[in-house]
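Notes for the structure review
Read off the chains here:
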Amino acid sequence: MRQSLVMGNWKMNGSVQTIQALLRDIRDHFPTHAPTTAVFPPAIYLPLVADLLKGSPMTWGAQTTFAKDAGAFTGEISTTMYKDYGCRYVLVGHSERRQLFHESEKIVAEKFHHVKEHDMIPVLCVGETLSEREQGLTEHVLTQQIRAILKDNSSEFKNCVLAYEPVWAIGTGKTAAPEEAQAAHAFIRGLVSETNKTDAEDVPIIYGGSVNGSNAQALFSMPDVDGGLVGGASLDAKTFLDIVSCIKYY
Ligand code: PGA
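So, here's what we can say about the structure.

Rules behind the numbers
Residues numbered from 1 in each chain as written. Predicted model: local features only at pLDDT ≥ 70, side-chain atom pairs only at ≥ 80, totals over all residues. Heavy atoms only, no water. Helix = DSSP H or I, 4+ residues; strand = E, 2+ residues; numbered from the N terminus. Rg over C-alpha atoms; globule rule 2.2 N^0.38 Å. Buried < 20%, exposed > 50% of the residue type's maximum accessible area, 1.4 Å probe, protein only. Pairing = 2+ DSSP bridges. Axes fitted to C-alpha atoms, helices over the stretch in contact; angles between N-to-C directions. Near = heavy atom within 4 Å. Polar contact = N/O pair within 3.5 Å; in protein donor to acceptor, adjacent residues only side chain to side chain. Areas by Shrake-Rupley, 256 points an atom, 1.4 Å probe, with all protein chains shown as cover. Phe/Tyr/Trp six-rings, centres within 6.5 Å; stacked < 30°, edge-to-face > 60°. Lys NZ or Arg CZ within 6 Å of the ring centre and 35° of its normal. Core = buried A, V, L, I, M, F, W, Y, C linked by side-chain atoms within 4.5 Å. Contact = heavy atoms within 4.5 Å. Salt bridge = Lys/Arg side-chain N within 4 Å of Asp/Glu carboxyl O. Arc of directions from axis to C-beta. Parallel < 35°, antiparallel > 145°, perpendicular 65-115°, else oblique. Left-handed = near helix turned anticlockwise from the far one by under 90°. Nonpolar A, V, L, I, M, F, W, Y, C, P; charged D, E, K, R; others polar.

Points about the overall build of the chain
Of the regular secondary structure elements, the chain holds 11 helices and 8 strands. Taking 250 residues into account, the globule formula puts the C-alpha radius of gyration at 18 Å, and the chain, at 17 Å, falls close to it. Projected onto its principal axes, the C-alpha positions of the chain cover 45 × 45 × 35 Å. Going through the 250 residues of the chain one by one, you find that 52% of them count as buried.

Brief notes about the sheet that holds strand E3 (residues 59-62)
Taken in spatial order, the 8 strands line up as E1-E2-E3-E4-E5-E6-E7-E8 and close into a barrel, and their pairing is parallel. Pairs of neighbouring strands in the sheet enclose a mean axial angle of 25°, with direction left out of account. In this sheet, strand E5 (residues 121-126) lies alongside strand E4 (residues 89-92) in parallel orientation, the contact comprising 4 bridges. Note that in E5 the partner of Tyr-89 across the bridge is Ile-121.

Remarks on the site of the ligand
Neighbouring the ligand are 13 residues, the closest being Lys-11, His-94, Glu-165, Gly-171 and Ser-210. Residue Gly-232 places a main-chain N or O atom 2.9 Å away from an oxygen atom belonging to the ligand. Within the complex, the protein chains bury 95% of what would otherwise be the 280 Å² of accessible surface of the ligand.

So, the packing of aromatic side chains
Here the structure, examined in full by the defined rule, presents 3 aromatic pairs. Seen in terms of ring centroids, Tyr-164 and Tyr-207 are 6.3 Å apart; in terms of plane orientation they differ by 55°. Their pairing is tilted. One end of the pair, Tyr-164, is in strand E6 (residues 161-164); the other, Tyr-207, is in strand E7 (residues 205-208), and 43 residues separate them in sequence. With respect to class, Tyr-164 is no different from Tyr-207; both count as buried. Sitting over the face of the ring of Phe-101, Arg-97 holds its NZ or CZ atom 4.1 Å from the ring centroid.

Overview of the nonpolar core
Counting 61 residues, the largest nonpolar core has Ile-26, Leu-124, Phe-157, Leu-162, Tyr-207 and Phe-220 as the members making the most contacts within it. Discounting residues that sit within four places of it in the chain, Leu-162 has contacts with Leu-124, Ile-146, Phe-157, Ile-188, Val-192, Val-203, Pro-204, Ile-205 and Ile-206. Judged by nonpolar contacts, the second largest core, of 13 residues, contains Leu-5, Phe-40, Cys-125 and Ala-163.

Quick notes on the pattern of salt bridges
Counted under the stated rule, the structure contains 15 salt bridges. As a salt-bridge pair, Arg-2 and Asp-226 come within 3.2 Å of each other at their nearest N and O atoms. Of this pair, Arg-2 sits in the segment before strand E1 (5-9) while Asp-226 sits in the loop between helix H10 (216-220) and strand E8 (227-230), and the two are 224 residues apart along the sequence. For Asp-226, a relative accessible area of 1% corresponds to the buried category. One salt bridge connects Lys-111 with Glu-103, and the closest N-O pair in it is separated by 2.7 Å. Pair check on accessibility: Lys-111 and Glu-103 agree, each one buried. A single salt-bridge network, built from bridges that share partners, covers Arg-2, Arg-189, Glu-201, Asp-224 and Asp-226.

A word on helix H11 (residues 237-244)
Within H11, burial applies to Ala-237, Phe-240, Leu-241, Ile-243 and Val-244. When H11 is viewed along its axis, its buried side chains cluster within an angular range of 155° and face the same direction. Buried residues belonging to H11 abut E1, helix H1 (16-28), strand E2 (36-40), H10 and E8.

As for the packing of helix H7 (residues 138-147) against helix H8 (residues 178-195)
Two numbers describe how H7 lies on H8: the axes approach to 10 Å, and their chain directions differ by 40°. With respect to H8, the axis of H7 lies oblique. Judged by the sense of rotation from one axis to the other, the crossing of H7 with H8 is right-handed. Of H8, the residues touching H7 (which contributes Glu-139, Leu-142, Thr-143, Ile-146 and Arg-147) are Ala-184, Phe-187, Ile-188, Leu-191 and Glu-194. Split into classes, the residues belonging to the contact of H7 with H8 amount to 6 nonpolar, 1 polar and 3 charged.

This is a description of form; function is not addressed.
Written as structure tokens, this is what we have:
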């Protein structure tokens, strides 16, 4: 059975003080009936967030990981270290990681499988740039990004979340029209069904790219849009809760 999700990607934002205030405000007004809701703080604040969310229906995840358990990898944090703190979700292949940190399809695939091997849930981000969209390459890019994950079995997309995040919509205030998002989500679901029809039915595909309190409802009402991956708007408690309240249930 497919699940609805709202995920807040804080990126490299926040401080001990602002995080305490933000989570207090969200917790104080968190609805009784809410979808699965997770926040993705900068890694250094994860123990703080894990602590602040104790006893709350919300959960949390990591913004990236490194696909080795331990060793001489200065500056990196391993999946097992996140697991040590009770991490549930890990973002993989966010366009900022792909573009600014040169993460190749191979690296993204390694991280995806490493997260699954450690029984956590990867949130695989895919999406085209503006120039790719203008050249009519959206479906081609999505196909490549989804197929890069395929390994040697037919159930890669079981227990994972997919996020369609058109790069041109991230942090720009330009959201994909609900019909554009729906078309991309349906296409992605079709790609998954080429390997496993049950997984295609079950995998949540969430939308990211300038989601806010005013456009969430229309986006989430699309049949293949199962929620949102929210960047900037997740840093404001009221807006984030407005978005959470727009979710549909299965
Ligand atoms: P945005 O970011 O909501 O600020 O556009 C979304 C994301 O990068 O996940």
